[in-house]
Amino acid sequence: MAQTLERVLPFSKNLLEKALKPGDVAIDGTAGNGYDTLFLAELVGESGHVYSFDVQEEAIQSTQTKLKEADINHVTLIHDGHQHVLNYVKQPISAAIFNLGYLPGSDQSITTHGETTWKAVTDILSLLKKNGIIILVVYHGHEEGKVERHYLEECFETLDTRTTQVLTYQFINRKTAPFIVAIEKLH
């Protein structure tokens, strides 16, 4: 029997499918192994564009390989931190996704950090279209992840309820399982 409640990653994809259509612009704030970048590129189609960021060359290479295999050319890979998004993206966007923490299978001391993630989120909010969405998949089962989670939770509470709504989606009986924070721009 299938589960009634969606797991975290399928739920994030479901939200992206609702937010994006062909021709849209999207951001992957953490390219990682390239799966989200590829998914975004498929959703926005050839008439759209995806900007994908990562600080690790290994992540950029992995993502580039996946895009090449899928024959996708409407993605800009950016070897830089997501906190510098405004240096690269100027046009309105419809969605962004972040997978916080560290790159699976790599150096676990290289992680995302609350301060730089929050800067990226607030900068992307300035580019986000009405009803656009920012999704953060928060991995907090490691020390830096716990620090980032607490920092960001305090920041999310400061977002204006007249212009944004913020949802968390998590299984509360799984203490270290990743969870989602989704921010929708209302105006």
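Residues numbered from 1 in each chain as written. Predicted model: local features only at pLDDT ≥ 70, side-chain atom pairs only at ≥ 80, totals over all residues. Heavy atoms only, no water.

**Q** Teacher, can you tell me more about helix 4 (residues 114-127) here?
**A** Residue pairs spaced three or four apart in an α-helix point in one direction, given the helix's 3.6 residues per turn. An ideal rise of 1.5 Å per residue puts 20 Å on 14 residues; helix 4 measures up with 20 Å between its terminal C-alpha atoms. Listed in full, the buried residues belonging to helix 4 are G114, T117, W118, A120, V121, D123, I124, L125 and L127. Looking at the buried side of helix 4, the elements it contacts are strand 1 (25-28), strand 4 (93-99), strand 5 (128-138), helix 5 (143-156), strand 6 (164-169) and strand 7 (179-185). (Helix = DSSP H or I, 4+ residues; strand = E, 2+ residues; numbered from the N terminus. Expected span 1.5 Å × (residues − 1). Buried < 20%, exposed > 50% of the residue type's maximum accessible area, 1.4 Å probe, protein only. Contact = heavy atoms within 4.5 Å.)

**Q** What am I meant to see in the pairing of strand 4 here?
**A** Along any regular strand, the residues point their side chains to alternate faces of the sheet. Buried residues dominate strand 4, accounting for 6 of its 7 residues. Sheet topology note: the strand 1/strand 4 ladder contains 3 bridges and is parallel. The partner of I27 across the bridge, within strand 4, is A96. Bridge analysis of strand 4 against strand 5 gives 6 bridges, and the strand direction is parallel. (Pairing = 2+ DSSP bridges.)

**Q** Any chance you could explain the side chain of T111 here in plain terms?
**A** Here T111 lies in the loop between strand 4 and helix 4. Overall, the relative accessible area of 13% leaves T111 in the buried class. What T111 contacts, discounting residues up to four positions off in sequence, is G101, Y102, H142 and E144.

**Q** Even after reading the chapter, I still don't get the pairing of strand 1, so can you show me in this structure?
**A** Covered by surrounding structure in strand 1 are V25 and I27 together with A26 and D28, the residues of both alternating faces. Bridge analysis of strand 1 against strand 2 (residues 49-54) gives 4 bridges, and the strand direction is parallel. Within strand 2, the residue paired with D28 across the bridge is S52. Considered for its hand, the β-α-β crossover made up of strand 1, helix 2 (residues 35-44) and strand 2 is right-handed. (Right-handed = clockwise from strand over helix to strand, strands pointing away.)

**Q** For this particular structure, what's the right way to read the side chain of H49?
**A** Relative to the helices and strands, H49 resides in strand 2. Here H74 takes part through its backbone oxygen, which lies 3.2 Å from a polar atom of the side chain of H49. (Polar contact = N/O pair within 3.5 Å; in protein donor to acceptor, adjacent residues only side chain to side chain.)

**Q** What should I look at first to understand unusual backbone geometry in this one?
**A** Most peptide bonds adopt trans geometry, and most residues besides glycine take a negative phi value. Backbone geometry at D71 places phi at a positive 55 degrees, although glycine is not the residue there. Relative to the helices and strands, D71 resides in the loop between helix 3 (57-69) and strand 3 (75-79).

**Q** Quick question: what am I supposed to make of the nonpolar core here?
**A** What tends to happen in soluble globular proteins is that the nonpolar side chains get buried as a cluster. Ranked by internal contacts, the top residues of the largest apolar core, which has 28 residues, are I27, I93, F98, I134, L136 and I183. Elements with a minimum of two residues in this core: strand 1, strand 2, strand 4, helix 4, strand 5, helix 5 and strand 7. Among the elements that make up this core, the one with the highest residue count is helix 4 (6 residues). Residues contacting I134, with those up to four places away along its chain left out, are A96, F98, V121, I124, L125, L128, V181, A182 and I183. Core analysis: the next-biggest nonpolar cluster, separate from the first, contains 26 residues, V44, I97, I133 and F171 among them. (Core = buried A, V, L, I, M, F, W, Y, C linked by side-chain atoms within 4.5 Å.)

**Q** Hey, could you run me through the sheet that holds strand 4 in this one?
**A** The strands that make up a sheet are held in pairs by hydrogen bonds between backbone atoms, and each pair lies either parallel or antiparallel. Judged by pairing direction, the sheet is mixed, and its 7 strands sit side by side in the order 3-2-1-4-5-7-6 without closing on themselves. Each edge of the open sheet is held by one strand with a lone partner, namely strand 3 and strand 6. Pairwise comparison of adjacent strand axes, ignoring direction, gives a mean angle of 15 degrees for this sheet. Against the sheet, helix 4 engages strand 1, strand 4, strand 5, strand 6 and strand 7, with an angle of about 160 degrees to strand 5. Helix-sheet contacts for helix 5 involve strand 5, strand 6 and strand 7, and the interaxial angle to strand 7 is about 25 degrees. (Axes fitted to C-alpha atoms, helices over the stretch in contact; angles between N-to-C directions.)

**Q** Quick question: what am I supposed to make of the packing of helix 1 (residues 8-19) against helix 2 here?
**A** Closest axis-to-axis distance for the helix 1/helix 2 pair is 10 Å, and the angle between their directions is 25 degrees. Judged by the angle between their axes, helix 1 and helix 2 are roughly parallel. Handedness of the crossing formed by helix 1 with helix 2: right-handed. Residue-level contacts link K13, L16 and E17 of helix 1 to F39, L40 and L43 of helix 2. Taken together, the residues of the contact of helix 1 with helix 2 sort by class into 4 nonpolar, no polar and 2 charged. (Parallel < 35°, antiparallel > 145°, perpendicular 65-115°, else oblique. Left-handed = near helix turned anticlockwise from the far one by under 90°. Nonpolar A, V, L, I, M, F, W, Y, C, P; charged D, E, K, R; others polar.)

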